[in-house]
Amino acid sequence: MNGTEGADFYVPVSNASGVVRSPYEHTQYYLAESWVFGLLATYTCFLTATAVCGNLLMLRVTVEHEELRTPVNYILLNLAVANIAAATCGYPAAALSAFGGYLYLGQAGCNFEGFYCTLGGQVSLWSLAALLGERALVARRPAVKRRVRRRLAVGGVGVAWLMAFSAALPPLLEISRYIPEGLQCSCGVDVYTNKPGLENEAYVLYLFTLHLAVPLSAIAVCSVPSVLVLLTQQEEEEGETTRTALTLTAVFLACWTPYAATTWHVFTHHGDAFSPVALTITAFLAKSSVLWGPLICICMCKRFRKCARRTVHKLRTGKELEDEVGSASKDFGTTTIFTHCLIPDYC
Ligand SMILES: *C/C=C(C)/C=C/C=C(C)\C=C\C1=C(C)CCCC1(C)C
Ligand SMILES: *[C@@H]1O[C@H](CO)[C@@H](O)[C@H](O)[C@H]1NC(C)=O
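Residues numbered from 1 in each chain as written. Chains lettered and ligands numbered in written order. Predicted model: local features only at pLDDT ≥ 70, side-chain atom pairs only at ≥ 80, totals over all residues.

> Would you take a moment to explain the overall build of the protein for this structure?
Tallying secondary structure elements over the protein gives 10 helices and four strands in all. Helices and strands appear in the protein in the N-to-C order β-β-α-α-α-α-β-β-α-α-α-α-α-α. Taken across its 347 residues, the protein has 44% of its residues classed as buried. Sequence separation of at least 24 residues holds for 75% of the intrachain contacts in the protein that already meet a minimum separation of 6. (Helix = DSSP H or I, 4+ residues; strand = E, 2+ residues; numbered from the N terminus. Buried ≥ 20, exposed ≤ 12 C-beta atoms within 10 Å, placed from the backbone. Contact = placed C-beta atoms within 7 Å.)

> I'm lost on the pairing of strand β3 (residues 178–181) in this one. Help?
It is a general feature of regular strands that their side chains alternate between the two faces of the sheet. Looking at chain direction, β3 and strand β4 (residues 186–189) are connected through four bridges and run antiparallel. Each residue of the ladder has a partner; that of isoleucine 179, found in β4, is glycine 188. The hairpin turn running from β3 into β4, its antiparallel successor, is four residues long, and glycine 182 in that turn takes a positive phi close to 55°. (Pairing = 2+ DSSP bridges.)

> I would appreciate a short explanation of the site of ligand 2 in the present structure.
Residues in contact with ligand 2, as listed here, are Met1, Asn2, Gly271, Asp272 and Ala273. Each residue belonging to the shell around ligand 2 can be placed in one class, and the counts come to two nonpolar, two polar and one charged. (Near = placed C-beta within 6 Å. Nonpolar A, V, L, I, M, F, W, Y, C, P; charged D, E, K, R; others polar.)

> Can you walk me through the site of ligand 1 in this structure?
Residues in contact with ligand 1 amount to 20 residues; listed here are only the nearest, Cys117, Thr118, Gly121, Gly188 and Ala260. Contributing elements (two or more residues each) for the shell around ligand 1: α3 (106–140), β4, α5 (200–232), α6 (236–268) and α7 (276–287). Sorting elements by how many residues they give to the shell around ligand 1 places α3 first, with six residues. Of the residues in the shell around ligand 1, the class split is 12 nonpolar, seven polar and one charged.

> Could you clarify how one ought to interpret the confidence of the model for the protein in this entry?
Low pLDDT marks regions whose predicted coordinates should not be analysed in detail. Scored by pLDDT, the protein has a mean of 87; 89% of the residues are at 70 or more. Within the model, the stretch residues 325–347 combines pLDDT values under 50 with 50 contacts to residues more than four positions away or in other chains. (pLDDT = per-residue confidence, 0-100.)

> Even after reading the chapter, I still don't get α5, so can you show me in this structure?
Given 3.6 residues per turn, any residue in an α-helix points the same way as the ones three and four places further on. Taking 1.5 Å as the rise per residue, α5 with 33 residues should run 48 Å; its terminal C-alpha atoms sit 47 Å apart, in good agreement. Along its length, α5 reaches its greatest deviation from straightness, about 30°, at serine 223, and the proline proline 225 lies no more than four positions downstream. The complete set of buried residues in α5 reads Asn200, Val204, Leu207, His211, Pro215, Ile219, Cys222 and Ser226. Elements that come into contact with the buried residues of α5 comprise α3, α4 (146–168), β4 and α6. (Expected span 1.5 Å × (residues − 1). Bend = angle between axes of the 7 residues up to and from the residue.)

> Which parts of the structure should I look at to understand the packing of helix α2 (residues 71–100) against α3?
One way to put it is that α2 packs onto α3 with a least axis distance of 8 Å and a crossing angle of 160°. As judged from the angle between their axes, α2 and α3 are roughly antiparallel. Handedness of the crossing formed by α2 with α3: left-handed. For the contact of α2 with α3, a count of residues per class yields 17 nonpolar, eight polar and two charged. (Axes fitted to C-alpha atoms, helices over the stretch in contact; angles between N-to-C directions. Parallel < 35°, antiparallel > 145°, perpendicular 65-115°, else oblique. Left-handed = near helix turned anticlockwise from the far one by under 90°.)

> Explanation requested: the nonpolar core in the structure shown.
Generally speaking, nonpolar side chains in soluble globular proteins are found buried as a group. Judged by nonpolar contacts, the single largest core of 81 residues is most densely connected at Ile75, Leu128, Ala129, Ala130, Leu132 and Cys185. At 17 residues, the largest contribution of residues to this core is made by α3. Leaving out residues up to four positions away in the same chain, cysteine 185 has contacts with Gln28, Phe37, Leu40, Ala94, Ser97, Ala98, Tyr102 and Leu103. (Core = buried A, V, L, I, M, F, W, Y, C linked by C-beta atoms within 7 Å.)

> Would you mind going over unusual backbone geometry with me for this structure?
Both trends apply: most residues other than glycine have a negative phi, and most peptide bonds are in trans. The phi torsion at serine 176 lies on the positive side, around 60°, for a residue other than glycine. You can see serine 176 is positioned in the loop between α4 and β3. Among the residues examined, serine 176 registers 23 C-beta atoms within 10 Å and is labelled buried. Although it is not a glycine, glutamine 184 sits at a positive phi angle of roughly 70°. By the element assignment, glutamine 184 lies in the loop between β3 and β4.

> Got a minute to help me understand the environment of leucine 128 in this structure?
Its place among the elements puts leucine 128 in helix α3. Overall, leucine 128 belongs to the buried group, with 27 C-beta atoms counted inside 10 Å. As for leucine 128 and leucine 246, which are separated by 118 residues in sequence, their C-alpha atoms are 8.7 Å apart. Here leucine 128 is in contact with Ile219, Leu248, Thr249 and Phe252, once residues within four sequence places are set aside.

> What is the right way to read α7 from this model?
With 12 residues, α7 extends 17 Å from end C-alpha to end C-alpha; this agrees with the ideal 16 Å at 1.5 Å per step. Among the residues of α7, those classed as buried are Leu279, Thr280, Thr282, Ala283, Phe284, Ala286 and Lys287.

> So what exactly am I meant to see when it comes to the environment of glutamate 201 here?
Structurally, glutamate 201 is set in helix α5. It is 8.4 Å that separates the C-alpha atoms of glutamate 201 and phenylalanine 267, two residues lying 66 residues apart in sequence.

> Help me understand the packing of α5 against α6, please; the structure alone is not making it clear to me.
In a packed pair of helices, the relevant descriptors are the angle between the two axes and the axis-to-axis distance. At their nearest, the axes of α5 and α6 sit 11 Å apart, and the two run at 150° to each other. Taken together, the axes of α5 and α6 lie roughly antiparallel to each other. For the pair α5 and α6, the crossing hand works out as left-handed. Facing α5, whose interface residues are Val204, Phe208, Leu212, Ile219, Ser223, Ser226 and Leu230, α6 presents Gly239, Thr242, Arg243, Leu246, Thr249, Ala260, Trp264 and Phe267. Among the residues forming the contact of α5 with α6, the class breakdown is nine nonpolar, five polar and one charged.

Here it is in structure tokens:
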């Protein structure tokens, strides 16, 4: 046997020597040195703090200004909200468990973390699909009415939350379950066991098709027209928006693909040996996806960077940043941060 299954856990090591203990009751230092758990906990705290600050900054700038309620921004705002929800509700349980070396918060902590990480990841994935859908629409029909784009963006945000809840809720309703993973200090869905009565197999297939293959296909299809326009036209500002959308998507996929691939492999190879450390690394890499949104916007857009600096300055000193280029720079105030950066066609 390559693993040890209990009533509410699956530890991926043999219990031949009797070392395996329930991750809800005992520290798991037989899976890795205790400093590894400490490192994971510290990393998760860092991630939570930086992601909350970055995403709150994004929120603050957009929410404060009514004129920023533009189609693309609805979607970016939604990404920020999803990231904040995952980082504040899901990550602390993982950090605390890693500090303690086991899931002393019990099944409730496990559910909390699993639910919010799934929800956040799903909202992001579907939001990115909507964002690229919007970009594809603009690429194909540049003259499309703002009202139509707005309606589609709001629809996309609604679909994202609907899909996210329909992915994350079933394990709380006894269709599959959230279960400790890897080093047993974080939780995901049960791809590990065939526990009777849980419908794990059906749920995991449902998750990987409707909630992964479908949005991934949408992303692939929608990327084509945007990329074509990028390659053939020199529309600077629309191009900047499209490049940002594509980069956000590429980075999200880079974060989540190792985790999705590993859990899929475990699911399709029940009983095979796999490394708990490797699985935990992919899970905690996936967690880093909440940090990248604000960083990408700041790195990829000159004006966004400029405006973010102004906002931070105002937050720290309570005063407006002195304009460097006279009255023209008024256009680059915090109120227009996204209109110039991500909504070049704002009118
Ligand atoms: C730290 C906890 C983690 C990483 C929990 C993840 C849970 C989970 C069920 C994730 C599902 C997925 C997404 C969300 C988006 C990508 C596709 C899935 C199905 C891997
Ligand atoms: C243990 O894992 C190995 C390699 O992954 C596999 O070949 C073997 O069949 C597994 N043993 C059991 C009892 O499943």
